[in-house]
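The lines below spell out each chain.
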Amino acid sequence: MATFDVDSFEDWKPSDFPQGFVCPEAGNSVKYKTGGWRSRRPIWDPEACKNCMLCWVYCPDASIQVKDGAMTGIDLDHCKGCGVCVSECRFGALKMITESEAKEA
Ligand code: SF4
Ligand code: SF4
């Protein structure tokens, strides 16, 4: 198995690991955020959003941000890009794009 220098993770670039990256070294979770695992991300359209909160209910990473009963955004530091929120949204307010597409936007 390949080994990785955890201390150099700050230098991680999506182009180095376009399919997402999980460091296998034990005890490294305090070194970086789980959003780095992601190869795709959800994009939120607040105009289409009905604040039904289905995405909030189903997100396995508690990454749907809500204030006063209304969705305010997505915590991309911790969203792992599973796409569950997009599947559950009935109003077309969420879509997935690749990290490469996000970088170009
Ligand atoms: S893609 Fe997955 S982890 Fe990210 S906000 Fe949607 S449900 Fe949560
Ligand atoms: S599931 Fe869709 S409509 Fe409902 S709160 Fe989430 S983004 Fe908005």
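Notes on the structure follow. All of these numbers come straight from a predicted model, not from anything done at the bench.

Let's talk about the site of ligand 1
Around ligand 1 sit 14 residues, and of these Cys59, Cys79, Cys82, Gly83 and Cys85 come closest. The residue makeup of the shell around ligand 1, split by class, is 9 nonpolar, 3 polar and 2 charged.

Topic: the nonpolar core
Judged by nonpolar contacts, the single largest core of 13 residues is most densely connected at Cys55, Ile64, Met71, Ile74, Cys85, Ala93 and Leu94. Setting aside anything within four residues of it in sequence, one finds Leu94 in contact with Ile43, Trp44, Cys55, Met71, Ile74, Cys85, Val86 and Cys89.

Examining the site of ligand 2
Every residue lining ligand 2 is accounted for by Trp44, Cys49, Lys50, Asn51, Cys52, Met53, Cys55, Met71, Cys89, Phe91, Ala93 and Leu94. Residues of the shell around ligand 2, tallied by class, amount to 10 nonpolar, 1 polar and 1 charged.

Description of the pattern of salt bridges
Two side chains carrying opposite charge are able to pair once their charged atoms lie near each other. Across all of its chains, the model carries 4 salt bridges by this definition. Its salt-bridge partner being Arg38, residue Glu99 comes within 2.8 Å of it at the nearest N-O pair. Taken together, the positions of Glu99 in helix α3 (residues 99–104) and Arg38 in the segment before β1 (40–44) put the pair 61 residues apart, joining distant regions of the chain. There is no split in this pair, since Glu99 and Arg38 are both buried. The closest approach of N and O atoms between Arg90 and Glu88, which form a salt bridge, is 3.5 Å. Classification of Arg90 by relative accessible area gives exposed; the value is 55%.

About the thresholds
Residues numbered from 1 in each chain as written. Chains lettered and ligands numbered in written order. Predicted model: local features only at pLDDT ≥ 70, side-chain atom pairs only at ≥ 80, totals over all residues. Heavy atoms only, no water. Near = heavy atom within 4 Å. Nonpolar A, V, L, I, M, F, W, Y, C, P; charged D, E, K, R; others polar. Core = buried A, V, L, I, M, F, W, Y, C linked by side-chain atoms within 4.5 Å. Buried < 20%, exposed > 50% of the residue type's maximum accessible area, 1.4 Å probe, protein only. Contact = heavy atoms within 4.5 Å. Salt bridge = Lys/Arg side-chain N within 4 Å of Asp/Glu carboxyl O. Helix = DSSP H or I, 4+ residues; strand = E, 2+ residues; numbered from the N terminus.

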